[in-house]
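# Breakdown of the fold
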Amino acid sequence: MKSDVQVLVIGGGIVGTSVLYWLAKKGWTDSALVERRELTSGSTWHAAGNTTYFGPYAEMTQLFAGSIRTYLAAEEHSGQSVGFHQTGSLRVATTEHERALFNSYQARYDALNIPYSVVENDTIRNLHPCIETDDLFGAAHTPTDGHVDPSGATQALAKSARLRGAHIERWCPAVGLAQESDGSWLVETEKGDIRAKHVVLAASFWTRELAQPLGLNIPLYATQHHEVITGAVPELQALKHEVPAMRDSYVSCSVRQEKHGFLAGFYEDDPVFWALDGIPKDFTEELFAPDTDRLTTAFERLMERLPAFAEAGIQTVNNGPMCWTPDGLPLLGPVNRHPGLWLASGFNVGIGTGGGSAEFLAHWMIHGEPLFNLPIVHADRFGNDLSTEAAIESIKACYRQGYRLPQSI
Ligand SMILES: Cc1cc2nc3c(=O)[nH]c(=O)nc-3n(C[C@H](O)[C@H](O)[C@H](O)COP(=O)(O)OP(=O)(O)OC[C@H]3O[C@@H](n4cnc5c(N)ncnc54)[C@H](O)[C@@H]3O)c2cc1C
């Protein structure tokens, strides 16, 4: 194991591994990553892998677009498949207001050169014959996004970073970090100390506890998050193409095709938090007990939108931890009170935004300024005094918002 590096990344999920990849790709090959267990052993291994380009925040769209680009580049360099399915996505408009918002986003996507259009109900039915469109006002269609295999993508990023000279140490928990008088950082791990000029905390909800001894109160908390996978659906089996992912604010859920069935992820109105008193030390690659009673309304609404969902039969329910900040956006950038300390944590759509966020951060670290102006993700934006109660209330509101769009953007 290396004991002296330019950058030490703590956490080997999709985000930390993407950061290592981008640092190595940009020439900072004297970088290392330590992971508590195996790569992906936090939230990444059980994620659905959705990577859409659609989102209400114009500024975030570049991070979404950069992510698919990153994973495909890592696949090409490493030879390891990232399992990208370019199905495209449909964000259905359930109100005239949503339709108007979708129309207003056109210029943004044109400026970024991302294929985007607002389509009518007959096009929705052609692309996705299972969608009930009677009450819809069309949909926003992003034809070139889709989903990746989160584990495959992480392994491709890791392999590519290693090929460029970066180092990954698995089964190596960081247990303490302190800044030395010369400004460097000393990270204590269970396999020995590592000195680094820069440290990136990419440990998701664990970052909160890692940073506490430095006097930092980083508002990162975990909710439970359900996804269900159905058995085969005859309508999907009969098609020659994989249907686009669908997102719907009325159901507050996203649904994509998984083999010949559906994979649906849900945002609940009353989210359940996990481990508010601290992440259990013995937490491994675990899921929580499913509680589908909480999803009854969402299931009923989903069956209205996708009648075929009712016939398919649920085969698997995953209920896993998801990391949140009080505004639902990640924490990305330097911690100003601690030069050389950087955050890449707080991702609730880390597969969708991880690769692009890592490019953004690596550029900032190497060139001293961010790749583009994106203050909504800055690491210090919550200050240091936000109470747990206040953070939880804000997270509840974000989670409950689900796929509902802000009134105006
Ligand atoms: C059911 C479900 C479905 C989801 N579906 C999607 C989806 O379709 N699309 C999407 O974009 N997102 C999805 N997500 C969210 C996604 O899983 C996360 O946003 C993403 O995995 C976060 O990646 P990360 O690298 O920040 O965190 P993690 O994957 O949690 O990685 C953090 C890593 O840090 C390591 N670590 C912690 N402490 C230490 C330490 N002290 N020393 C060393 N290592 C440490 C952990 O072991 C872990 O491997 C889903 C989540 C759930 C629960």
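Up top is the structure these notes are about.
I will try to describe carefully the structure that is included in this document. Within each chain, residue numbers correspond to sequence positions counted from 1 in written order. Reporting in this predicted model follows two pLDDT cut-offs: at least 70 for local features of residues, and 80 or more for side-chain atom pairs to be given and counted; totals over whole chains, interfaces and linings ignore these cut-offs and use all residues. Calculation of side-chain values draws on the structure's entire complement of heavy atoms; hydrogens and water are dropped beforehand.

## A few points about the site of the ligand
- In these notes, residues near a molecule or strand are those with any non-hydrogen atom within 4 Å of it. As a structural note, the neighbourhood of the ligand is formed by 36 residues, with E35, S43, T44, G350 and G352 the closest of them.
- V15 is positioned such that a nitrogen or oxygen atom in its backbone is 3.0 Å from an oxygen atom of the ligand.
- Between N or O atoms, a polar contact is any pair within 3.5 Å; within protein, one atom must be a potential hydrogen donor and the other a potential acceptor, and residues adjacent in sequence are included only when both atoms are from side chains. Contacts to the ligand include V349, whose backbone N or O atom sits 3.3 Å from an oxygen atom.
- Taken by itself the ligand offers 1,000 Å² of open surface, and the protein chains cover 97% of this.
- Working definition: helices are DSSP H or I runs of at least four residues, strands are E runs of at least two. Numbering for both runs from the N terminus. Going through the elements one at a time, α1 (14-25), β12 (221-230), β17 (314-324) and α11 (350-367) are the ones with two or more residues in the shell around the ligand.
- For the purposes of this description, domain bounds are those given by an automatic or database domain assignment. Each of domain 1 (4-76 + 150-220 + 326-400) and domain 2 (86-146 + 222-324) gives at least three residues to the shell around the ligand. Note on areas: Shrake-Rupley, 1.4 Å probe, and residue coverage restricted to the protein chains presented here.

## A word on the packing of α1 against helix α6 (residues 150-163)
- To obtain an axis, a line is fitted to C-alpha atoms, over the contacting stretch when the element is a helix, and the angle between two such axes runs from 0 to 180 degrees between their N-to-C directions. Orientation of α1 relative to α6, taken along the N-to-C sense of each, is 30 degrees, at an axis distance of 8 Å. Between α1 and α6, the crossing angle belongs to the class labelled roughly parallel. Once α1 is placed against α6, the crossing between them reads as left-handed. Each of I14, T17, S18, L20, Y21 and A24 in α1 lies in contact with α6, whose residues at this interface are P150, A153, T154, L157, A158, S160 and A161.
- Throughout this entry, Asp, Glu, Lys and Arg are counted as charged residues, while Ala, Val, Leu, Ile, Met, Phe, Trp, Tyr, Cys and Pro are counted as nonpolar. The remaining residues, Gly among them, count as polar. Here the contact of α1 with α6 is composed, by residue class, of nine nonpolar, four polar and no charged. Under this scheme an angle from 65 to 115 degrees is roughly perpendicular, one under 35 degrees roughly parallel, and one over 145 degrees roughly antiparallel; angles in between are oblique. Two helices that cross are described as forming a left-handed crossing if the nearer one is turned anticlockwise from the farther one by less than a right angle, and a right-handed crossing if clockwise. Should any heavy atoms of two residues lie within 4.5 Å, those residues are considered in contact.

## With respect to the nonpolar core
- What makes a nonpolar core is a set of buried Ala, Val, Leu, Ile, Met, Phe, Trp, Tyr and Cys residues whose side-chain atoms join them at distances within 4.5 Å. The buried label applies to any residue whose accessible area, calculated with a 1.4 Å probe on protein chains only, is under 20% of its type's maximum; exposed applies above 50%, and partly exposed to all values in between. Membership of the largest hydrophobic core comes to 59 residues, with the highest contact counts inside it found for V9, F102 and V200.
- Contributions of two or more residues to this core are made by β1 (4-10), α1, α2 (61-78), α3 (96-104), α6, β19 (341-345) and α11.
- No other element matches the eight residues that α1 contributes to this core.
- A domain split of this core shows at least three residues from each of domain 1 (4-76 + 150-220 + 326-400) and domain 2 (86-146 + 222-324).
- Apart from residues no more than four positions distant in its own chain, V200 is found in contact with V7, L8, V9, I10, V19, W342, A344, L361 and M365.
- A222, F288, L331 and L341 belong to the second-largest nonpolar core, a separate cluster that totals 34 residues.

## Structural notes on the pattern of salt bridges
- Within this document, salt bridges are pairs made up of a side-chain nitrogen of Lys or Arg and a carboxyl oxygen of Asp or Glu, the two lying within 4 Å of each other. Across all of its chains, the model carries 16 salt bridges by this definition.
- Across the pair K281 and E209 runs a salt bridge, and its minimum N-O distance is 3.7 Å. Of this pair, K281 sits in the loop between β16 (273-274) and α9 (296-305) while E209 sits in helix α7 (residues 207-211), and the two are 72 residues apart along the sequence.
- Overall, K281 belongs to the exposed group, its relative accessible area being 77%.

## Side note on α2
- For a helix, the expected span equals 1.5 Å multiplied by the residue count minus one. If you check α2, its first and last C-alpha atoms are 26 Å apart, about what 18 residues at 1.5 Å a residue would give, namely 26 Å.
- Within α2 the residues assigned to the buried category are T61, L63, F64, A65, G66, S67, I68, T70, Y71, A74 and S78.
- Directly beyond the C-terminal end of α2, a positive phi value near 80 degrees is found at G79.

## Describing the packing of aromatic side chains
- When the centres of two rings from Phe, Tyr and Trp lie within 6.5 Å, Trp using its six-membered ring, the rings pair. Their planes under 30 degrees apart give stacked, over 60 give edge-to-face, and anything left gives tilted. In total, this model carries 19 aromatic pairs according to the counting rule given.
- Between the aromatic rings of Y267 and Y403, the centroid separation amounts to 5.3 Å while the plane-to-plane angle is 80 degrees, which identifies the pairing as edge-to-face. You can see Y267 sitting in the loop between β15 (261-266) and β16 and its partner Y403 sitting in the segment after α12 (388-401), a full 136 residues away along the chain.
- The exposure class of Y267 is buried, given its relative accessible area of 12%.
- Ring plane angle 45 degrees and centroid distance 5.2 Å describe the contact between W274 and F288, whose orientation is recorded as tilted. Linking W274 in strand β16 with F288 in the loop between β16 and α9, this pair joins segments that are 14 residues apart in sequence.
- Among the aromatic residues, ring-to-ring pairing joins F205, W206, W274, F283 and F288 into one connected group.
- Only when the NZ atom of a Lys or the CZ atom of an Arg is both within 6 Å of the ring centre and within 35 degrees of the ring normal do we say a charge sits over the ring. Sitting over the ring of Y105, R108 keeps its end group 4.2 Å from the ring centre.

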